[in-house]
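Inside the fold
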Amino acid sequence: MERSESKKPRAHTVGLGFAFVGRKLGRNGSNPSAAMTARGGGALNAKTFFITALACVLLALGGTAAVVAWADPLLTAGTLEEGGAALFVNERYELAGLIRRQEYSSVVMGTSSVANFRASWFTRGTGEKTLKITFPDGRLSEFDTALDLAFRTHGELDTVYFCLDPTVLVREEQVSELPQYLYNDDPLDDLQFYLNGESVALAVRSLVLGEAGKVPLDDAYVWEGEFEFSWWAAMRGYTRPEAVDAALPEDAFLPAAERNMDLICGWLEAHPDTRFVVWFPPYSLLFWDKMCQQGRTEAVLEAVRYAASRLMEHGNAQVHCFLHDLGHVTELGYYTDHIHCSAEVTAWVAQMLMEGKWRLTPDNCAPALQTLRDYLDAYDFELLFQSYRELEAALP
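All of the points below concern the structure found in this document.

Here the focus is the packing of aromatic side chains. Inspection of the entire model under this criterion finds 21 aromatic pairs. For the ring pair Y375 and Y379, a centre distance of 5.7 Å and an interplane angle of 25 degrees mean the geometry is stacked. The partly exposed category is assigned to Y375, whose relative accessible area is 28%. Residue classification places Y379 among the partly exposed residues on the basis of a relative accessible area of 26%. The structure contains a cluster of three or more aromatic residues connected by ring pairs, namely F117, W121, F122, Y161 and W279.

Shown next as structure tokens:
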């Protein structure tokens, strides 16, 4: 027996593709919707649909902007009071608000080498209210943008402490990853802040975590508690490259260093009443092994010498160098990889900067770098790595 067809009314497609299901037919068998379409009803429905959809979109955008404005994940609405806490997860977005709004007269600035510094060390040590500005793997162009914003919003600063990593000094490409709309003064592009995916994500995260994810401003972007600092951690965190056949020429990095120093010296010349304290951080012995393996040691040291000489030409600059601090750089127990050192070392470096120690002068610059060069020439790196392999093999 054949199954009888369903008696449910069919869908009738009319007008601009809207489907009306289950409508009664007119007395003459006609579909009233079709008749309405013929009289312009379909156009009316399309217009209504468009207006409704537009209203929903605007409502959603408005709601999104309201959530971002209320949560203020990028700290653009006001200052954090002394001891105040916030959610700090994205330096490049959040620091724009801090640079604009916080009260300070000095800054300490640098890559992840500065992340574990506390601004309060400088505030207490010098009496100058200090803000930390740190970008992981930061480019000079990013520090230039951040510093420009600090001067625009706070006038002439008392002191700028800047950690000049050798890796940053010799870097060719300095393309910024900063969201420029947060750092400029153009109100027309501020809408991006409220509708940007990063802003929305940070706002949602802030609301979900609540107070649990917040830390004091002095601990913002500090990561030292997440890693082990020891001989084992340093050795395991370092991947030794293969040795090259020939070393780079001594002047290989000078073109890049010259361009980068032109930018840095531009800060000093534009702000003669601000004191600039620039330092080369204490990279571990493993960093220099990497340079030796890649044939870059002499080229890097020559770039450092060149940078120091450029800085020392300016009366408002002082240069400190910890590259030849053999008491720390040779003790791998202070490190978690070939570059990053423990809080004990960073606190000591900050103190030396404030006390004016380990400062380079035209007379001691060459001997200081020669101290490091002589140590590297005499050090038996192969024995170090042989010992490491043997200890690793002996582990259960």
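A few words now on the packing of helix α12 (residues 285-293) against helix α17 (residues 381-394). Where α12 meets α17, the closest approach of the two axes is 11 Å, and the angle between their N-to-C directions is 115 degrees. Considering how the two elements wind past one another, α12 and α17 form a crossing that is left-handed. Contact with α12, carried on its side by L285, L286, D289 and C292, involves F381, L384 and F385 of α17 and no other residues of that element.

It is worth spelling out the packing of helix α4 (residues 119-126) against helix α15 (residues 343-355) at this point. Between α4 and α15, the least distance of the axes is 10 Å, while the angle of their chain directions is 30 degrees. By crossing handedness, the relation of α4 to α15 is classed as right-handed. Counting all contacts with α4, which are made through W121, F122, G125 and T126, the residues of α15 involved are A343, T346, A347, A350 and M354. Residue composition of the contact of α4 with α15, grouped by class: 6 nonpolar, 3 polar and no charged.

An ideal rise of 1.5 Å per residue puts 24 Å on 17 residues; helix α11 (residues 254-270) measures up with 24 Å between its terminal C-alpha atoms. For α11, the full list of buried residues reads A256, A257, N260, M261, I264, C265, W267 and L268.

Another point: the pattern of salt bridges. Considering all chains together, one arrives at 17 salt bridges under this definition. Between R92 and E142 there is a salt bridge; the shortest N-O distance is 2.9 Å. In this pair, R92 is assigned in helix α3 (residues 91-101) and E142 in helix α5 (residues 140-154), connecting sequence segments 50 residues apart. E142 matches R92 in its accessibility class, with the two residues each being buried. We note a salt bridge from D185 to R100, for which the minimum N-O separation is 3.3 Å. Pair noted here: D185 is in the loop between α7 (180-183) and α8 (191-195) and R100 is in helix α3, with a separation of 85 residues, a long-range link. Classification of D185 as exposed rests on a relative accessible area of 52%. Among the charged side chains, a network of salt bridges with common partners joins R100, D148, R152 and D185.

Our focus in this paragraph is the nonpolar core. Counting residues in hydrophobic clusters, the biggest one holds 96 residues, and the most contacted among them are I99, L169, W267, W279, F280 and W288. In terms of residue count, the dominant contributor to this core is helix α13 (residues 297-311) (9 residues). Setting aside its immediate chain neighbours within four residues, W288 contacts Y283, T297, V300, L301, L323, L372 and L376.

This next bit is on unusual backbone geometry. Positive phi is not limited to glycine here, since D137 has a value of about 55 degrees. Structurally, D137 is set in the loop between β5 (130-134) and α5. Here D137 falls in the partly exposed class, since its relative accessible area comes to 43%. At Y221, a residue that is not glycine, the phi angle is positive and equals roughly 65 degrees. Checked against the element boundaries, Y221 lands in the loop between β7 (215-216) and α10 (231-236). Y221 sits in the buried class, given a relative accessible area of 9%.

Looking at the secondary structure, you find H338 in the loop between α14 (326-329) and α15. Dropping the residues within four chain positions of it, H338 is found in contact with Y238, Y283, S284, L286, F287 and K290.

What follows concerns the sheet that holds strand β8 (residues 275-280). With respect to topology, 6 strands assemble into an open sheet ordered β5-β4-β6-β8-β9-β10, the strand pairing being mixed. At either margin of the open sheet sits one strand with a lone partner, and together these are β5 and β10 (359-360). Alignment of strand β4 (residues 106-110) against β5, held across 5 bridges, turns out to be parallel. By the bridge assignment for β5, V107 is matched with L131.

For an α-helix, the turn length of 3.6 residues means that residues three or four places apart are oriented alike. Of all 9 residues that make up α12, 7 are buried, and the element is covered over most of its length. At its buried positions, α12 is contacted by α6 (166-169), α10, α13, α14, α16 (365-378) and α17. Capping the start of α12 is the job of one residue whose side-chain oxygen sits 3.1 Å from the backbone nitrogen of L286: S284. Within two residues after α12, G295 carries a phi angle of roughly 70 degrees, on the positive side.

Definitions and cut-offs
Residues numbered from 1 in each chain as written. Predicted model: local features only at pLDDT ≥ 70, side-chain atom pairs only at ≥ 80, totals over all residues. Heavy atoms only, no water. Phe/Tyr/Trp six-rings, centres within 6.5 Å; stacked < 30°, edge-to-face > 60°. Buried < 20%, exposed > 50% of the residue type's maximum accessible area, 1.4 Å probe, protein only. Axes fitted to C-alpha atoms, helices over the stretch in contact; angles between N-to-C directions. Helix = DSSP H or I, 4+ residues; strand = E, 2+ residues; numbered from the N terminus. Left-handed = near helix turned anticlockwise from the far one by under 90°. Contact = heavy atoms within 4.5 Å. Nonpolar A, V, L, I, M, F, W, Y, C, P; charged D, E, K, R; others polar. Expected span 1.5 Å × (residues − 1). Salt bridge = Lys/Arg side-chain N within 4 Å of Asp/Glu carboxyl O. Core = buried A, V, L, I, M, F, W, Y, C linked by side-chain atoms within 4.5 Å. Pairing = 2+ DSSP bridges. Polar contact = N/O pair within 3.5 Å; in protein donor to acceptor, adjacent residues only side chain to side chain.

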